[in-house]
Amino acid sequence: MKIRTNKIIEKNKKGKKGVGLGLVYPSAEAIEIIGMLGGFDFVQLDGEHGLFSPESIDEMCRVADGFGLNVIARVPDISASTINSYLDRGVTGIWGPHIETAEEAQALVDASLYGPDGQRSWGGGRGNYYNHPVLIEIPGNERTQYMQQTNDNTLVLCQLESARAFKNLDSILEVKGFDGYVFGPMDLASSMDLPGQPSHPDVVSTERQMADRIYASGGKLHSDLIAVIELRHLIVGGAQQFLADNV
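Here the structure is a predicted model, which means the values were calculated and not measured.

**Structural notes on the sheet that holds strand E7 (residues 226–230)**
Taken in spatial order, the 7 strands of this open sheet run E6-E5-E4-E3-E2-E1-E7, and their pairing is parallel. Each edge of the open sheet is held by one strand with a lone partner, namely strand E6 (180–183) and E7. Mean inter-strand twist for the sheet, computed between neighbouring axes without regard to direction, equals 25°. As paired strands, strand E3 (residues 70–74) and strand E4 (residues 93–96) are joined by 3 bridges and run parallel to one another. By the bridge assignment for E4, Arg-74 is matched with Trp-95. Contacts from helix H2 (residues 28–37) reach strand E1 (18–23) and strand E2 (42–46), with the element oriented near 155° to E1.

**Details of helix H5 (residues 102–112)**
Because an α-helix completes one turn every 3.6 residues, residues spaced three or four positions apart along the sequence face the same direction. Within H5, the full set of buried residues consists of Ala-102, Ala-105, Leu-108, Val-109, Asp-110, Ala-111 and Ser-112. Of the surrounding secondary structure, the elements contacted by the buried residues of H5 are helix H4 (80–87), E4, strand E5 (155–160) and helix H9 (169–173).

**Structural notes on the pattern of salt bridges**
Summed over all chains, the structure comprises 10 salt bridges. One salt bridge connects Glu-48 with Arg-74, and the closest N-O pair in it is separated by 3.5 Å. Note that Glu-48 is positioned in the loop between E2 and helix H3 (54–66) and Arg-74 in strand E3, a separation of 26 residues in sequence. The exposure class assigned to Arg-74 is buried, which follows from its relative accessible area of 14%. Where Asp-58 meets Arg-62, a salt bridge forms, and the shortest distance between an N and an O atom there is 2.5 Å.

**Focus on the environment of Val-236**
Tracing the backbone shows Val-236 in helix H13 (residues 231–246). On the basis of relative accessible area, Val-236 is assigned to the partly exposed category, the value being 47%. Through-space distance from the C-alpha of Val-236 to that of Lys-176 is 39 Å; in sequence the pair is 60 residues apart.

**Concerning the side chain of Thr-150**
Note that Thr-150 resides in helix H7 (residues 144–152). The contacts of Thr-150, once residues within four sequence positions are left out, are Ile-3, Tyr-114 and Arg-120.

**Topic: the nonpolar core**
The biggest cluster of nonpolar side chains holds 52 residues, and the ones touching the most others in it are Leu-23, Leu-45, Leu-108, Leu-160 and Phe-178. Once you skip the residues sitting within four places of it in the chain, Leu-45 turns out to touch Leu-23, Phe-52, Ile-57, Met-60, Val-71, Ile-72, Ala-73 and Arg-74. Core analysis: the second largest hydrophobic core is formed by 10 residues, Ile-8, Ile-9, Leu-155 and Leu-157 among them.

**So, the packing of aromatic side chains**
One pass over the full model with this rule turns up 3 aromatic pairs. Taking the centre distance of 5.6 Å and the plane angle of 75° together, the rings of Trp-122 and Tyr-146 count as edge-to-face. You can see Trp-122 sitting in the loop between H5 and helix H6 (133–136) and its partner Tyr-146 sitting in helix H7, a full 24 residues away along the chain. Under the relative-accessibility criterion, Trp-122 is labelled partly exposed at 27%. Judged by its relative accessible area of 3%, Tyr-146 is buried. Ring-pair connections join several aromatic residues into one group, and the members of that group are Tyr-114, Trp-122 and Tyr-146. Directly above the aromatic system of Tyr-129 lies the positively charged group of Arg-4, at a separation of 4.4 Å from the ring centroid. We note Arg-213 situated over the ring of Phe-166; from NZ or CZ to the ring centre the distance is 5.2 Å.

**A few points about H2**
Residues of H2 that are buried include every one of Ala-28, Ala-30, Ile-31, Ile-34 and Gly-35, and no others. Along H2, the residues classed as buried sweep out an arc of 160° about the axis, all on the same side. Every exposed residue of H2 that faces more than 90 degrees away from the buried side is listed here: Glu-29, Ile-33, Met-36 and Leu-37. With its phi angle positive at about 85°, Gly-38 sits one or two positions after the end of H2.

**Quick word on a nonpolar patch on the surface**
Where nonpolar side chains cluster on the molecular surface, the patch consists of Tyr-25, Leu-51 and Ile-235 and spans about 310 Å² of accessible area. In this fold, Ile-235 is placed in helix H13.

**Comments concerning the side chain of Thr-154**
On the secondary structure map, Thr-154 appears in the loop between H7 and E5. A polar contact is formed between the side chain of Thr-154 and the backbone oxygen of Thr-150, at a distance of 2.7 Å. With near-sequence residues (within four places) excluded, Thr-154 lies in contact with Asn-6, Ile-9, Thr-92, Ser-112, Leu-113 and Asp-179.

Cut-off values and rules
- Residues numbered from 1 in each chain as written.
- Predicted model: local features only at pLDDT ≥ 70, side-chain atom pairs only at ≥ 80, totals over all residues.
- Heavy atoms only, no water.
- Pairing = 2+ DSSP bridges.
- Helix = DSSP H or I, 4+ residues; strand = E, 2+ residues; numbered from the N terminus.
- Axes fitted to C-alpha atoms, helices over the stretch in contact; angles between N-to-C directions.
- Contact = heavy atoms within 4.5 Å.
- Buried < 20%, exposed > 50% of the residue type's maximum accessible area, 1.4 Å probe, protein only.
- Salt bridge = Lys/Arg side-chain N within 4 Å of Asp/Glu carboxyl O.
- Core = buried A, V, L, I, M, F, W, Y, C linked by side-chain atoms within 4.5 Å.
- Phe/Tyr/Trp six-rings, centres within 6.5 Å; stacked < 30°, edge-to-face > 60°.
- Lys NZ or Arg CZ within 6 Å of the ring centre and 35° of its normal.
- Arc of directions from axis to C-beta.
- Patch = residues over 30% accessible without salt bridge, like charges linked within 9 Å, V, L, I, M, F, W, Y side chains within 5 Å.
- Areas by Shrake-Rupley, 256 points an atom, 1.4 Å probe, with all protein chains shown as cover.
- Polar contact = N/O pair within 3.5 Å; in protein donor to acceptor, adjacent residues only side chain to side chain.

Next up, the structure:
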């Protein structure tokens, strides 16, 4: 049976973080370069604020697969059709933004995982090897074991970035299926009538309180699971150093 093993989850089990490259625009070439370099575990796509088409996601997943890299993505929204379009390309980690209620949290889990853990739809894209028994290496139509192992290798992150999410945090934390939680300080600040002030003491205090409650419930933050360097930061930092050395 052919399964995409999630290197982030494997490393987390050993007490280590997955190491990745973050993209806000398509670049199969950047993925190829870090694949050739070695040492990276995954690529992170910002589908909420980035510029990605289904075709570009498909291409980047294909290149990543070739180098044994996982692809995780912050999706634009948590609708089942949107999440499924990413998973069907070969993405093995879903980061759901703007979760404010337990119902939304459950919808995110349901769309990301196959039954019985969720309600992910089965399709025929490259994410599940075009649903062909020869390619999946499973005789016949039985998919139970494949679905469970795929769930075990799918990272699901819940982003909490509003005062309403803070208010509903206890019920959100009761939803099962999340590997970690993410904050969004800029949007949280705006929801607290502090636009553009993510470092305001009230915002920092709210995030600290959320973190304490997450840890108390047995959960983890995404920063416990992964470390990401953004390609845009690498370009700006490298360009600044070049200018400092040569101008």
